[in-house]
Amino acid sequence: MSFTAKQKNPVAFRKLVGNLREIQWDEDGWLVKGNGLKSMSMRGARPLMDQDKYRDGKLKGFLTMIREADRNLKLAMTPKEPFAVICHGDYCKPNILFEYDDAGHPRDAMITEFTAVRYGSPGLDLSYFLYKNADKDVQDNRWEDLLAVYLESVAAVLPADVKAPTAEQLHHELRFHALYGYAHLLFAVPNMINDNPRGLLDIDNDDDKTTVEDLLVARIDAADEKITEILSGTVRHIIDHGYAEQYEFPSNNSRL
């Protein structure tokens, strides 16, 4: 819909985009303040440092990505044309309602919870959804198939004179926006594997000065090593698919 509206009615589309409001960033930075995103991101990188496959410099791109994690995440979330679209922002299975037929097969779906809607790369929603909801086997063996279905579906609903991204262009988008999926996975993974996710929020605090960083660290540390396994698997996937190779955003925003 975004691709079509941008070409067919650009004035109305710009007005619609102008009504979107930022909820993840404020004057102090992202949801996790200070250097919290960088330090938490290392949870998934450290196990790979002990593996021969990643000792030859393959981790360098990812470490560059998270060295200035807040800056790079901000740039990843900054719209860049021509492929910027209106994204859901929190696109995952808990925010999708399915309708099933009598045989138990899904036949329709409805997306809900639009509080995080933003304008940006389709790579934001794709990286979030696939890193949060696809298990290791699907990521390793069906990644290209899923992206192909996405591209085919987009092309099928576009008018003949509106072009969808190519596979190469989509991988380029994912290269610079996979950090969005990984950063949000840090929030989600404790809830994904714990039978009592609310219990992960219970930390000792007598002075009522608990920060978001305190809560996140407590949630991650309260769970078992499966969290590390999931996070390191995501880092491995980012590296193996070339999404962290020579990772460097331009420092001049005018070039984006």
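Residues numbered from 1 in each chain as written. Predicted model: local features only at pLDDT ≥ 70, side-chain atom pairs only at ≥ 80, totals over all residues. Heavy atoms only, no water.

A. Structural view of the overall build of the protein. Tallying secondary structure elements over the protein gives 10 helices and 4 strands in all. When the helices and strands of the protein are listed from N to C terminus, the series reads α-α-α-α-α-β-β-β-β-α-α-α-α-α. Counting only contacts in the protein whose residues sit at least 6 apart along the sequence, the fraction spanning at least 24 positions is 76%. Counting only carbon and sulfur atoms, one obtains 51% of the accessible surface of the protein, whose full area is about 14,400 Å². (Helix = DSSP H or I, 4+ residues; strand = E, 2+ residues; numbered from the N terminus. Contact = heavy atoms within 4.5 Å. Areas by Shrake-Rupley, 256 points an atom, 1.4 Å probe, with all protein chains shown as cover.)

B. Focus on the nonpolar core. Counting residues in each nonpolar core, the largest one holds 50 residues, and the members touching the most others are Trp30, Phe62, Leu73, Ile238 and Tyr243. Elements supplying a minimum of two residues to this core: α3 (36-49), α4 (60-67), α5 (69-76), β1 (85-87), α6 (122-133), α7 (136-157), α8 (167-193) and α10 (226-240). The biggest single contributor to this core is α8, with 11 residues. If we ignore the near neighbours within four places in the chain, the residues touching Phe62 are Ser41, Ala45, Tyr182, Val235, Ile238, Ile239 and Ala244. (Core = buried A, V, L, I, M, F, W, Y, C linked by side-chain atoms within 4.5 Å. Buried < 20%, exposed > 50% of the residue type's maximum accessible area, 1.4 Å probe, protein only.)

C. Representation of the pattern of salt bridges within the structure. Scanning the entire structure with this criterion turns up 11 salt bridges. For Glu81, the salt bridge goes to Lys6, with nearest N and O atoms at 2.6 Å. A residue pair is termed long-range when its members are at least 10 positions apart, and Glu81 in the loop between α5 and β1 and Lys6 in helix α1 (residues 2-8) qualify at 75 residues. For the salt bridge of Asp161 with Lys8, the shortest nitrogen-to-oxygen distance reads 2.5 Å. Within this pair, whereas Asp161 is found in the loop between α7 and α8, its partner Lys8 is found in helix α1, the two being separated by 153 residues in sequence. Residue class for Asp161 comes out partly exposed when judged on its relative accessible area of 45%. A relative accessible area of 46% means that Lys8 is categorised as partly exposed. (Salt bridge = Lys/Arg side-chain N within 4 Å of Asp/Glu carboxyl O.)

D. Fine view of the side chain of Lys80. By the secondary structure assignment, Lys80 is in the loop between α5 and β1. Glu173 provides the closest opposite charge to the buried, unpaired Lys80, separated from it by 7.0 Å. Only 2.6 Å separates the side chain of Lys80 from the backbone oxygen of Leu75, close enough to count as a polar contact. Of the polar contacts made by the side chain of Lys80, one reaches the backbone oxygen of Thr78; its length is 2.6 Å. (Lys, Arg positive; Asp, Glu negative; His and termini not counted. Polar contact = N/O pair within 3.5 Å; in protein donor to acceptor, adjacent residues only side chain to side chain.)

E. Local environment of the packing of α3 against α4. Where α3 contacts α4, the two axes come as close as 10 Å, and the packing angle between them is 170°. Comparing their axes, α4 and α3 come out roughly antiparallel. Contacts between α3 and α4 involve Lys38, Ser41, Met42, Ala45 and Met49 on the former and, on the latter, Phe62, Leu63, Ile66 and Arg67. Looking at the contact of α3 with α4, its residues break down into 6 nonpolar, 1 polar and 2 charged. (Axes fitted to C-alpha atoms, helices over the stretch in contact; angles between N-to-C directions. Parallel < 35°, antiparallel > 145°, perpendicular 65-115°, else oblique. Nonpolar A, V, L, I, M, F, W, Y, C, P; charged D, E, K, R; others polar.)

F. Fine view of unusual backbone geometry. Following Glu81, the chain continues into Pro82 via a peptide bond in cis, with omega recorded as 15°. Mapped onto the elements of the fold, Pro82 is located in the loop between α5 and β1.

G. Spatial organisation of the environment of Arg55. Summarising the element assignment, Arg55 is placed in the loop between α3 and α4. According to the relative accessible area criterion, Arg55 is exposed, its value standing at 53%. When residues no more than four places from it in sequence are discounted, the contact partners of Arg55 are Met49 and Asp50.

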